[in-house]
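Descriptive structure summary
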Amino acid sequence: MTNGRPKRMTVPRLRAAKGGDPLVCLTAYTAPIARLLDPLVDMLLVGDSVGMVVYGMPDTVAVDLETMIRHGRAVAGAADRALVVVDLPFGSYEASPQQAFHSAARVLAETGAAAVKLEGGVAMAETIAFLSARGIPVVGHVGMTPQAVNMFGGFGARGRAPEEARRIAADADAVAAAGAFAIVVEGTIETLAEEITERVAVPTIGIGASPRCDGQILVTDDLLGLIPEFTPPFVRKYADLAGTVRAAAEAYGEDVRNRRFPGPDHVYKAEVRKTGGKT
Ligand code: KIV
């Protein structure tokens, strides 16, 4: 603790959490949500899920680097305790380690985030080693990797076939050996997520994986019940904000139509009030 506040989460502290108390991680895309979540979580991920959640895209494939930098800056600027990690979007890192370095360096320099996340296993190991050796901390992401949706043909669970499970375990090994300081394990059968958690020396952060991962992450809008059209099977809704938003908008509409809003307290009077701060 510093001055009564918990210490800022850093890359070495998060890495050292392997096998300890579960890490609590959520996505954030905007400053107000980051400010609310910052004291409550260990890691805030500016996920490329921003494309689907905020911009209504069907998947994450069309999200670009400028979008990630814009949202990364908003979140990193609002968080002073959680570790802020920004996703490298599809097409900004796969071509070469040099391309990945250029994109990741922009993300860190222009947002103030501490680390980047990128998807892929064995094929990305050289890139992860290149970035890690040059001062860019990397979170890996294996299993159901949404940027490869066109290869998978959907967002279903991975690793049911033994050969695919072996490939995903090898991906996790390669990413950890290359220097990733944590690994998101997404949408795998539970036993595979547990096997990966046992074999890698860095924390695994599960989503649709296993309670035995070293941490958990969810898309915040899913957990808040803000996306009523679709809830992935691995999500537990902790609130029904869609219902709250609807009820609030309905009440506002009723008040406006019946001239109950604005009320006497919500208008400027000719005379300046002495209290209340309104002029
Ligand atoms: O983009 C994202 O939000 C993610 C998490 C679901 C892990 O990658």
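Residues numbered from 1 in each chain as written. Predicted model: local features only at pLDDT ≥ 70, side-chain atom pairs only at ≥ 80, totals over all residues. Heavy atoms only, no water.

The ligand sits among Thr27, Leu45, Gly47, Asp48, Ser49, Asp87, Lys117, His141, Val184, Ile207 and Val219. A distance of 2.5 Å separates an oxygen atom of the ligand from a polar atom in the side chain of Ser49. Interatomic distance of 3.1 Å between a side-chain N/O atom of Asp87 and an oxygen atom of the ligand. About the coverage of the ligand: the protein hides 95% of its 260 Å² of free accessible area. The cavity where the ligand resides is the largest pocket. When grouped by side-chain class, the residues that make up the shell around the ligand number four nonpolar, four polar and three charged. (Near = heavy atom within 4 Å. Polar contact = N/O pair within 3.5 Å; in protein donor to acceptor, adjacent residues only side chain to side chain. Areas by Shrake-Rupley, 256 points an atom, 1.4 Å probe, with all protein chains shown as cover. 1 Å grid on protein atoms, 1.4 Å probe; cavity = no way out; pocket = protein on both sides within 12 Å on 5 of 7 lines; lining within 4 Å. Sits in = over half its atoms within 2 Å of the grid points. Nonpolar A, V, L, I, M, F, W, Y, C, P; charged D, E, K, R; others polar.)

Here we come to the side chain of Ser103. By the element assignment, Ser103 lies in helix H5 (residues 97-111). The contact partners of Ser103, leaving out residues within four places of it in the chain, are Leu65, Leu88 and Ser92. (Helix = DSSP H or I, 4+ residues; strand = E, 2+ residues; numbered from the N terminus. Contact = heavy atoms within 4.5 Å.)

Attention shifts here to the pattern of salt bridges. Applying the stated rule across the entire model yields 13 salt bridges. The partner of Lys18 in a salt bridge is Asp214, with the nearest N and O atoms 2.8 Å apart. Pair noted here: Lys18 is in the loop between helix H1 (11-15) and strand S1 (23-27) and Asp214 is in the loop between strand S7 (204-207) and strand S8 (215-218), with a separation of 196 residues, a long-range link. Classification of Asp214 by relative accessible area gives buried; the value is 6%. Across the pair Asp42 and Arg81 runs a salt bridge, and its minimum N-O distance is 3.8 Å. Taken together, the residues span a long stretch of sequence, with Asp42 in the loop between helix H2 (31-37) and strand S2 (43-46) and Arg81 in the loop between helix H4 (65-78) and strand S3 (83-87) at a distance of 39 residues. Across the pair, Arg81 and Asp42 agree in class, each one buried. Each of Glu66, Arg106 and Glu110 takes part in a single network of salt bridges with overlapping partners. (Salt bridge = Lys/Arg side-chain N within 4 Å of Asp/Glu carboxyl O. Buried < 20%, exposed > 50% of the residue type's maximum accessible area, 1.4 Å probe, protein only.)

Before going further, it helps to spend a moment on the environment of Pro162. Mapped onto the secondary structure, Pro162 falls in helix H8 (residues 162-178). When its relative accessible area of 55% is taken as the criterion, Pro162 is described as exposed. Counting along the chain gives 30 residues from Pro162 to Leu192, while the straight-line C-alpha distance between them is 9.8 Å.

Now for the sheet that holds S3. The sheet built from eight strands closes into a barrel, its strands ordered S1-S2-S3-S4-S5-S6-S7-S8 with parallel pairing. When strand polarity is set aside, the average angle formed by the axes of neighbouring strands in this sheet is 25 degrees. Of the strand pairs in this sheet, S7 and S8 are connected by two bridges, and their pairing is parallel. Opposite Ile205, over in S8, you have Gly215 as the bridge partner. (Pairing = 2+ DSSP bridges. Axes fitted to C-alpha atoms, helices over the stretch in contact; angles between N-to-C directions.)

A separate point is the environment of Lys269. As for its position among the elements, Lys269 is in the segment after helix H11 (241-257). Note on Lys269: relative accessible area 39%, which makes it partly exposed.

Considering all chains together, one arrives at one aromatic pair under this definition. The side chain of Arg134 reaches across the aromatic face of Phe130, ending 3.6 Å from its centre. Sitting over the face of the ring of Phe152, Arg158 holds its NZ or CZ atom 3.9 Å from the ring centroid. (Phe/Tyr/Trp six-rings, centres within 6.5 Å; stacked < 30°, edge-to-face > 60°. Lys NZ or Arg CZ within 6 Å of the ring centre and 35° of its normal.)

Residues Tyr252, Val256 and Phe261 make up a contiguous nonpolar surface patch of about 280 Å² in total accessible area. Its location among the elements puts Phe261 in the segment after H11. (Patch = residues over 30% accessible without salt bridge, like charges linked within 9 Å, V, L, I, M, F, W, Y side chains within 5 Å.)

Any two packed helices are characterised by the angle at which their axes cross and by the distance between the axes. Two elements in contact, helix H6 (residues 125-133) and H8, have axes whose closest approach is 8 Å; the angle formed by their N-to-C orientations is 20 degrees. Between H6 and H8, the angle is such that the two are roughly parallel. Along this stretch, H6 crosses H8, giving a crossing that reads as right-handed. Along the contact surface, H6 presents Ala125, Ile128, Ala129 and Ser132, while H8 presents Ala174, Val175 and Ala178. Of the residues in the contact of H6 with H8, the class split is six nonpolar, one polar and no charged. (Parallel < 35°, antiparallel > 145°, perpendicular 65-115°, else oblique. Left-handed = near helix turned anticlockwise from the far one by under 90°.)

Such coordinate-based values are descriptive only and should not be taken to indicate function.
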